[in-house]
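Descriptive analysis of the structure
Each chain is listed here by its residues.
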Amino acid sequence: MVTDTAIACIVGQEIASAYAVHLLPPITISCSHEHAAFPGTVSISAKTLLAVIDDIRASLGRSGIHKLVIINGHGGNYVLSNVVQEASIEGPTMSLFSMGPDWNRARERGGLVSDRHGDMHAGEIETSILLHAAPDLVCDGFAEADHDSGDRSFLLVRGMSEYTKTGVIGFPSQATAEKGKAVLESLQSSFAQHLEALGEWT
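From a predicted model like this one, the values you see are computed outputs, not experimental measurements.

1. Some points on a nonpolar patch on the surface
Judged by side-chain polarity, Tyr 78, Phe 154, Leu 156 and Val 157 come together as a nonpolar surface patch covering roughly 480 Å² of accessible area. Relative to the helices and strands, Leu 156 is located in helix α6 (residues 155-158). Leu 156 sits in the exposed class, given a relative accessible area of 65%.

2. Examining unusual backbone geometry
Cis geometry marks the peptide bond from Phe 97 to Ser 98, where omega comes out at 5°. Position of Ser 98 relative to the elements: it lies in the loop between β2 (94-97) and α4 (100-110). In this structure, Ala 122 is a non-glycine residue whose phi angle is positive, near 60°. Counting through the fold element by element, Ala 122 comes out in the loop between α4 and α5 (124-133).

3. Here we look at the packing of α4 against helix α7 (residues 177-197)
Running from N to C, α4 and α7 point in directions that differ by 145°, and their axes come no closer than 8 Å. For the element pair α4 and α7, the recorded crossing hand is right-handed. Residue-level inspection shows Asp 102, Trp 103, Arg 105, Ala 106, Arg 109 and Gly 110 of α4 in contact with α7, the latter providing Lys 179, Ala 182, Val 183, Glu 185, Ser 186, Leu 187, Ser 189, Ser 190, Gln 193 and His 194. Of the residues that constitute the contact of α4 with α7, the class distribution is 5 nonpolar, 6 polar and 5 charged.

4. Some remarks on the pairing of strand β1 (residues 68-71)
Because side chains alternate across β1, one face comprises the buried residues Leu 68 and Ile 70, and the other comprises Val 69 and Ile 71, none of which is buried. Here 4 bridges tie β1 to β2, and the two strands are oriented parallel to one another. From the neighbouring strand, Ile 70 faces β2, where its bridge partner is Leu 96. For the segment spanning β1, helix α3 (residues 79-87) and β2, crossover handedness is right-handed.

The rules behind each value
- Residues numbered from 1 in each chain as written.
- Predicted model: local features only at pLDDT ≥ 70, side-chain atom pairs only at ≥ 80, totals over all residues.
- Heavy atoms only, no water.
- Patch = residues over 30% accessible without salt bridge, like charges linked within 9 Å, V, L, I, M, F, W, Y side chains within 5 Å.
- Areas by Shrake-Rupley, 256 points an atom, 1.4 Å probe, with all protein chains shown as cover.
- Salt bridge = Lys/Arg side-chain N within 4 Å of Asp/Glu carboxyl O.
- Helix = DSSP H or I, 4+ residues; strand = E, 2+ residues; numbered from the N terminus.
- Buried < 20%, exposed > 50% of the residue type's maximum accessible area, 1.4 Å probe, protein only.
- Axes fitted to C-alpha atoms, helices over the stretch in contact; angles between N-to-C directions.
- Left-handed = near helix turned anticlockwise from the far one by under 90°.
- Contact = heavy atoms within 4.5 Å.
- Nonpolar A, V, L, I, M, F, W, Y, C, P; charged D, E, K, R; others polar.
- Pairing = 2+ DSSP bridges.
- Right-handed = clockwise from strand over helix to strand, strands pointing away.

Below you can see the structure in the form of structure tokens.
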């Protein structure tokens, strides 16, 4: 129940250790409606998440901070792309991290054997990050938990439970702490491009 928040926090700490940025605490509940069939899942609406981010941005603005990077740990937060898009209409104000190219570079640098489609949830990349940075969050038996869901064309219609009974979509058996370390190093490096896009890095 804490994986996405934990990974976002780990990525945030990696970034804060390398760049002159202010790291805010996480928003721990977001848009997880596709997981609703799994007991314990708690979600807020997309409009609520949008409002929360907008309020945070306005609050930072009153303190003289006018640039914001959202570290997103959950793929279901589709609305964040629209938040960034709308906030940056009149000039670079917000960026969303990590994006597809950031993850692609990280997978390559980490030597991951799975691809982004097949390794969607609790798979090789997420388990590798946790094995490196928070191994106590990885349950025993992860090496026997692989699940290939195949095509997921109607994930938004039918939810995750249509494609996995355990919540795993991916290949945690391929995970190692060494891969996780390399993935985080790559993401840390990629963050510079987001600062550059915001006009905050030379």
